[in-house]
Amino acid sequence: MSSPEAWLKVTIETAGATAFPVAVSESAALPFAVYARESTDRPLQTSGLTGFAGGEFSVEVCGASWTSARTVADAIVTAVQNFTGTANGAIIDHVHVAADSDGTSVYLTDGQDLPSYFVIELQIFIRWRE
């Protein structure tokens, strides 16, 4: 059985950005998104594990302009919000976007007038069957 990261990567790339797990090179072409699992909870019941896991995932969407980053972030939100089903080998029970905000713009060169890229930050909760 696949993890939800495989589904999240495909979903990000379908939204129009190259997806990178955890880190990205400074030379990556825009737009791109970096995703990471922030936490995982495996609920218990009296007979043991429930068979489901819930995780918080961060996604940082980066674009050459705020509008391009926002466009990709909005496409990701539309694709993931309330998703349920089997995708990329993962059985996903529930997804919701817990937070959506403008991130800190990135300047790769000192003294730059305009940012090298703009960032939109998403926090996504995914519950899946393990």
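Our structure is the block above this text.
Please read these numbers as outputs of a predicted model, since none were measured by experiment. (Residues numbered from 1 in each chain as written. Predicted model: local features only at pLDDT ≥ 70, side-chain atom pairs only at ≥ 80, totals over all residues. Heavy atoms only, no water.)

Enquirer: Could you clarify how one ought to interpret the nonpolar core in this entry?
Expert: One broad trend across soluble globular proteins is that nonpolar side chains are buried collectively. Counting 28 residues, the largest nonpolar core has Ile 12, Val 59, Val 61, Ile 76, Leu 122 and Ile 124 as the members making the most contacts within it. Secondary-structure elements contributing two or more residues to this core are helix H1 (4-14), strand S2 (32-41), strand S5 (52-63), helix H2 (66-80), strand S7 (90-102) and strand S8 (118-129). Sort the elements by how many residues they give to this core and H2 lands first, with 6 residues. Setting aside chain neighbours within four positions, we find Val 59 in contact with Leu 8, Ile 12, Ala 33, Val 34, Tyr 35, Ile 76, Ile 120, Glu 121, Leu 122 and Ile 124. Counting residues in each nonpolar core, the second largest holds 6 residues, with Phe 32, Val 34, Cys 62 and Val 119 among its members. (Core = buried A, V, L, I, M, F, W, Y, C linked by side-chain atoms within 4.5 Å. Buried < 20%, exposed > 50% of the residue type's maximum accessible area, 1.4 Å probe, protein only. Helix = DSSP H or I, 4+ residues; strand = E, 2+ residues; numbered from the N terminus. Contact = heavy atoms within 4.5 Å.)

Enquirer: What is the right way to look at the pairing of S2 in this model?
Expert: Look at any regular strand and the pattern is simple: side chains alternate between the two faces of the sheet. Relative to S2, strand S1 (residues 18-21) runs parallel, the two sharing 4 bridges. By the bridge assignment, Ala 19 is partnered in S2 with Ala 33. Relative to S5, S2 runs antiparallel, the two being bridged by 9 bridges. Of the residues in S5, the one forming a bridge with Ala 33 is Val 61. (Pairing = 2+ DSSP bridges.)

Enquirer: Even after reading the chapter, I still don't get the pairing of S8, so can you show me in this structure?
Expert: Sheet analysis places S5 next to S8, joined by 12 bridges and oriented antiparallel. Each residue of the ladder has a partner; that of Gly 54, found in S8, is Arg 127. As paired elements, S7 and S8 share 10 bridges and run antiparallel to each other. Counterpart to His 96 in the pairing with S8 is Phe 125.

Structural measurements only, silent on function.
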